[in-house]
Amino acid sequence: MPGESGRRTRHDAGASRETDAHGHSPRRAEPPFTDSIFLGELTLKYKTLTQYLVEQQREHKAVSAEVRLLIETVSRACKAISHAVSKGALGGVLGSLGTENVQGEVQKKLDVLSNEILLEANEWGGNLAAMASEEMQTIHRIPNHYPKGQNLLLFDPLDGSSNIDVNVSIGTIFSVLQAPAEAAGREIAEEDFLQPGTRQVAAGYAIYGPQTMLVLTVGAGVMGFTLDREMGSWLLTHENIRLPEQTAEFAINMSNMRHWEAPVRRYIDECLQGETGPLGKNYNMRWIASMVADVHRILTRGGIFMYPRDARASGRKGKLRLMYEANPMSFLVEQAGGRAIDGTGRILDIQPDALHQRVGVILGSREEVERLQRYHQEA
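Just so it is clear, the structure is predicted and the values come from calculations on it, not from any experiment.

The rules behind each value
Residues numbered from 1 in each chain as written. Predicted model: local features only at pLDDT ≥ 70, side-chain atom pairs only at ≥ 80, totals over all residues. Heavy atoms only, no water. Phe/Tyr/Trp six-rings, centres within 6.5 Å; stacked < 30°, edge-to-face > 60°. Helix = DSSP H or I, 4+ residues; strand = E, 2+ residues; numbered from the N terminus. Buried < 20%, exposed > 50% of the residue type's maximum accessible area, 1.4 Å probe, protein only. Lys NZ or Arg CZ within 6 Å of the ring centre and 35° of its normal. Pairing = 2+ DSSP bridges. Axes fitted to C-alpha atoms, helices over the stretch in contact; angles between N-to-C directions. Parallel < 35°, antiparallel > 145°, perpendicular 65-115°, else oblique. Left-handed = near helix turned anticlockwise from the far one by under 90°. Contact = heavy atoms within 4.5 Å. Nonpolar A, V, L, I, M, F, W, Y, C, P; charged D, E, K, R; others polar. Expected span 1.5 Å × (residues − 1). Salt bridge = Lys/Arg side-chain N within 4 Å of Asp/Glu carboxyl O. Core = buried A, V, L, I, M, F, W, Y, C linked by side-chain atoms within 4.5 Å. Arc of directions from axis to C-beta.

**Q** What is the right way to read the packing of aromatic side chains from this model?
**A** The description of two aromatic rings rests on the distance between their centres and on the angle between their planes. Going through the model one piece at a time under the given rule, you end up with four aromatic pairs. For the pair Phe 250 and Tyr 283, a centre-to-centre distance of 6.4 Å together with 50 degrees between the ring planes defines the contact as tilted. One end of the pair, Phe 250, is in strand S11 (residues 249-251); the other, Tyr 283, is in the loop between helix H5 (262-272) and strand S12 (284-285), and 33 residues separate them in sequence. Taking relative accessible area as the criterion, Tyr 283 reaches 11% and is therefore assigned buried. Note that Arg 266 overlies the ring of Tyr 375, its terminal NZ or CZ placed 3.7 Å from the centroid.

This is the structure:
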């Protein structure tokens, strides 16, 4: 058994060896390095996603059994998406389809594939009443021949898909809400999804990069799980992720500077002045153009991410989707000790008025976000 001091190895030292007529040891058929042995060794060091969720359900009452099973189903779908992403050109999944989604954006093949994987994985499990996707015009109700649950799932199936063909980290973002009590006994409607981010019961993202990771909150801190590809298991490798309150790194698309509102321009100007400016320190800029990748970096080492409102007709309300991107990422950042605002107010307090509503997003280390919020209030 793993963990016993007398556990046998593949070649026990001092073991007698049989020889053939020529004095050679015959080749033995060695038993495979079994999953059970390997998993036994890993679980001495790492907790699996299932173990973590069961603990949150039993000991801390942070999730219901239904939400636990839902998160596990989403995590399995993310494994399938990760596999498709990793195949790249070999899997014939690169390139565009020549169609547009509801946002008016050209759809990549992997956008559509990822959306279908999430829909098919989640619709039969009995944990959901309906789903909504950034890639679809309206909600996806659970078919009548499947059992239904009390939860609503929202997702951006493949965030940062403009980076697919250039092999940059991309990801899946998801958010879980409870169906409102008044929806009991009737068909779920779009209006049932229009809940502020404070009502999320879970949120997270999977990032497909050098490693595949699942970053998750159920309202009890932020946990990071790394996918062990040989085992197919999500293992807890980053426990209680916390954002430093201060930072010297910002992420923003500088090509849009001429369109920014005055408070954002003021903040970036001060960052660029370095240690001789009013902020008194030198800043670095990073911009990946994949929200999952930028936010993952910020959760890992601190920073501030900005995709603000601007003066363009397409950007006056913001560019990122409140329900599929801003809310789940804001939940994660706040659970890690950071802040998330639309410029003047807390993102999680926004009452949505449309399923595909857009919003400005500024999130990250507390002090930097609060400074930019003051600049907006003073303007």
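**Q** Whenever I open this one, the pairing of strand S9 (residues 222-228) confuses me. Can you help?
**A** Both faces of the sheet carry side chains from a regular strand, because those side chains alternate between them. In terms of burial, S9 is largely enclosed, as seven of its seven residues are buried. Burial along S9 is two-sided: Val 222, Gly 224, Thr 226 and Asp 228 and Met 223, Phe 225 and Leu 227, pointing in opposite directions, are all buried. The pairing of strand S8 (residues 212-217) with S9 spans five bridges and is antiparallel. Paired with Val 215 across the strands is Gly 224, a residue of S9.

**Q** Honestly, the packing of H5 against helix H8 (residues 366-378) in this entry has me stumped. Any pointers?
**A** Packed helix pairs are specified by the crossing angle of their axes together with the interaxial distance, meaning the distance between the axes. For the pair H5 and H8, interaxial distance at closest approach is 8 Å and the crossing angle is 135 degrees. Viewed along their axes, H5 and H8 adopt a mutual orientation that is oblique. Between H5 and H8 lies a crossing whose hand is right-handed. Residues Pro 263, Val 264, Arg 266, Tyr 267 and Glu 270 of H5 form the contact with H8, whose own contacting residues are Glu 368, Arg 371, Leu 372, Tyr 375, His 376 and Glu 378. Of the residues that constitute the contact of H5 with H8, the class distribution is five nonpolar, one polar and five charged.

**Q** Mind showing me how you'd approach the packing of helix H6 (residues 291-301) against helix H7 (residues 322-335) here?
**A** At their nearest, the axes of H6 and H7 sit 11 Å apart, and the two run at 10 degrees to each other. It follows that H6 is roughly parallel to H7 by the angle criterion. Side by side, H6 and H7 meet where Met 291, Val 292, Val 295 and Leu 299 of the first sit next to Glu 325, Met 329 and Val 333 of the second. For the contact of H6 with H7, the class distribution of residues is six nonpolar, no polar and one charged.

**Q** Explain H8 to me, please; I cannot follow it from the model alone.
**A** In an α-helix, one full turn covers 3.6 residues, which means residues spaced three or four apart are oriented alike. Here H8 is 13 residues long and its end C-alpha atoms lie 18 Å apart, about the 18 Å a rise of 1.5 Å per residue gives. For H8, the complete set of buried residues consists of Glu 368, Val 369, Arg 371, Leu 372, Gln 373, Tyr 375 and His 376. Next to the buried residues of H8 lie H5, strand S13 (304-307), strand S15 (339-341) and strand S17 (361-364).

**Q** I'm lost on the pattern of salt bridges in this one. Help?
**A** Once their charged atoms are close, side chains differing in charge can pair, the charge on each being opposite to the other. All chains considered together, the criterion is met by 19 salt bridges. Taking the shortest distance from any N to any O, the salt bridge between Glu 187 and Arg 141 comes out at 3.5 Å. Residue Glu 187 is found in the loop between strand S6 (170-178) and strand S7 (202-208), and its partner Arg 141 is found in strand S4 (residues 140-141); the two are separated by 46 residues along the sequence. Owing to a relative accessible area of 58%, Glu 187 belongs among the exposed residues under this scheme. Residues Arg 297 and Glu 249 are paired through a salt bridge, measuring 3.4 Å at the closest nitrogen-oxygen approach. Placement of Arg 297 in helix H6 and of Glu 249 in strand S11 is noted, with a sequence separation of 48 residues between them.

**Q** Could you clarify how one ought to interpret the nonpolar core in this entry?
**A** Side chains that are nonpolar tend, in soluble globular proteins, to be buried together. Ile 188, Phe 193, Tyr 205, Leu 299, Met 329, Val 361 and Leu 363 are the most contacted members of the largest nonpolar core, which totals 43 residues. Those elements giving two or more residues to this core turn out to be strand S3 (128-133), strand S5 (151-159), S6, S7, S8, H6, H7 and S17. Those residues within four positions of Leu 363 in sequence are excluded, and the remaining contacts are Met 291, Val 295, Gly 303, Ile 304, Phe 305, Met 329, Ser 330, Val 333, Arg 339, Ala 340 and Val 369. Of all hydrophobic cores here, the second largest spans 41 residues; its members include Val 74, Leu 158, Val 218 and Leu 236.

**Q** I'm lost on H5 in this one. Help?
**A** When we look at burial in H5, the residues that qualify are Pro 263, Val 264, Tyr 267, Ile 268, Glu 270 and Cys 271. One side of H5 carries all its buried residues, which in axial view fall inside an arc of 160 degrees. Those residues of H5 that are exposed and angled more than 90 degrees off the buried face are Ala 262 and Leu 272. For H5, the elements touching its buried residues are S11, S13 and H8. With its phi angle positive at about 70 degrees, Gly 274 sits one or two positions after the end of H5.

**Q** Any chance you could explain the environment of Ala 62 here in plain terms?
**A** Along the chain, the position of Ala 62 falls in the loop between helix H2 (49-58) and helix H3 (65-87). Here the alpha-carbon distance between Ala 62 and Gly 219, two residues 157 residues apart in the chain, equals 7.0 Å. If we skip the residues at most four places from it in the chain, Ala 62 touches Gln 56 and Val 218.

**Q** I keep staring at the sheet that holds S12 and nothing clicks. Help me out?
**A** The strands making up a sheet associate through backbone hydrogen bonding, with each pair oriented either parallel or antiparallel. Taken in spatial order, the five strands line up as S12-S11-S13-S17-S15 in an open sheet, and their pairing is mixed. Since the sheet does not close on itself, it has two edges, and those belong to S12 and S15, each with one partner. When S15 meets S17, the two strands line up antiparallel, connected through three bridges. In the strand pairing of S17, Arg 339 is matched with Gly 364.

Read these as geometric descriptors, not functional statements.
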